[in-house]
Amino acid sequence: MIKRIQNIKKRIEETAVGCGRDPSTVRLVAVSKTIPVNRVKEAIEAGVTVFGENYVQEAREKFSQLATYPVSWHFIGHLQSNKAKYAVRLFDMIHSVDTLKLARELNKQAQKNAKIQNILIQINISKESSKSGADAENVLDLIDKVRHLENLSVKGLMTMPPFFNDPEKARPYFSGLRNLRDRIRQETSPEIALDELSMGMTGDFEAAIQEGATLVRIGTAIFGERI
Ligand SMILES: *Cc1c(COP(=O)(O)O)cnc(C)c1O
């Protein structure tokens, strides 16, 4: 696994440098859903510092065994409001906030925990009905409301394009997310930075970095095929 991780880090760095970006602005989120604790430990020992999980219950069980490790946990799956309580306790960043209802619940739970919860707004940029995420048309209104929730800090946007074998087909969705971010920046007052763009997975992270990704979510290339 150490070889795979070194290889991914090298590809991230080379891609960033190749498009004139500072490699330190691109962070690897190792997606460890369904991966057992001993293999997550291996990844930590190989130098991974940020992990992404999709399921709250699975994450709770894992974290109880990994509590002593200095790593950061990100939630990247679909989050139901009734799990917000646990998500706030467990995760440094929640990538998948897509409704005001969920944002309000997270805010309430963050207040109870005396925490400022970092979040990203998930955008359904491909407009597939099967995908979660806010519509690009409504996002300005959503962000305007969410940014006023005192215990949430909106750090940026996240998206998940449809699956393609050819990463070039995903590229327009990545540039679309970046353009949307730039437009929101211009249209919010006071301006909201939205520095983070969470986009790109095993098959397409290089295109995502070229289009501005700051968080790439990579599972298979690190842990192998999930069962
Ligand atoms: C599983 C998952 C990933 C990782 O996908 P790989 O193709 O295994 O790299 C990234 N993002 C989300 C939201 C996921 O659910």
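Caption draft 1: Structural context of unusual backbone geometry. The omega torsion across Ser189 and Pro190 is -5°, close enough to zero to call that bond cis. Counting through the fold element by element, Pro190 comes out in the loop between helix H7 (167-187) and strand E7 (196-198). Here the phi dihedral of Leu194 falls at roughly 50°; this positive angle occurs in a residue that is not glycine. As for its position among the elements, Leu194 is in the loop between H7 and E7.

Caption draft 2: Just H7, in detail. A rise of 1.5 Å per residue sets the reference length of H7, with its 21 residues, at 30 Å; its end C-alpha atoms lie 31 Å apart and thus fit the reference within 8%. Three or more residues of H7 are buried, namely Ala170, Arg171, Phe174, Ser175, Leu177, Leu180, Arg181 and Ile184. The inward-facing, buried residues of H7 contact strand E5 (117-123), helix H6 (139-146), strand E6 (152-159), E7 and helix H8 (205-210). Its side-chain oxygen placed 2.9 Å from the backbone nitrogen of Glu168, Asp166 serves as the N-cap of H7.

The rules we used
- Residues numbered from 1 in each chain as written.
- Predicted model: local features only at pLDDT ≥ 70, side-chain atom pairs only at ≥ 80, totals over all residues.
- Heavy atoms only, no water.
- Helix = DSSP H or I, 4+ residues; strand = E, 2+ residues; numbered from the N terminus.
- Expected span 1.5 Å × (residues − 1).
- Buried < 20%, exposed > 50% of the residue type's maximum accessible area, 1.4 Å probe, protein only.
- Contact = heavy atoms within 4.5 Å.
- Polar contact = N/O pair within 3.5 Å; in protein donor to acceptor, adjacent residues only side chain to side chain.

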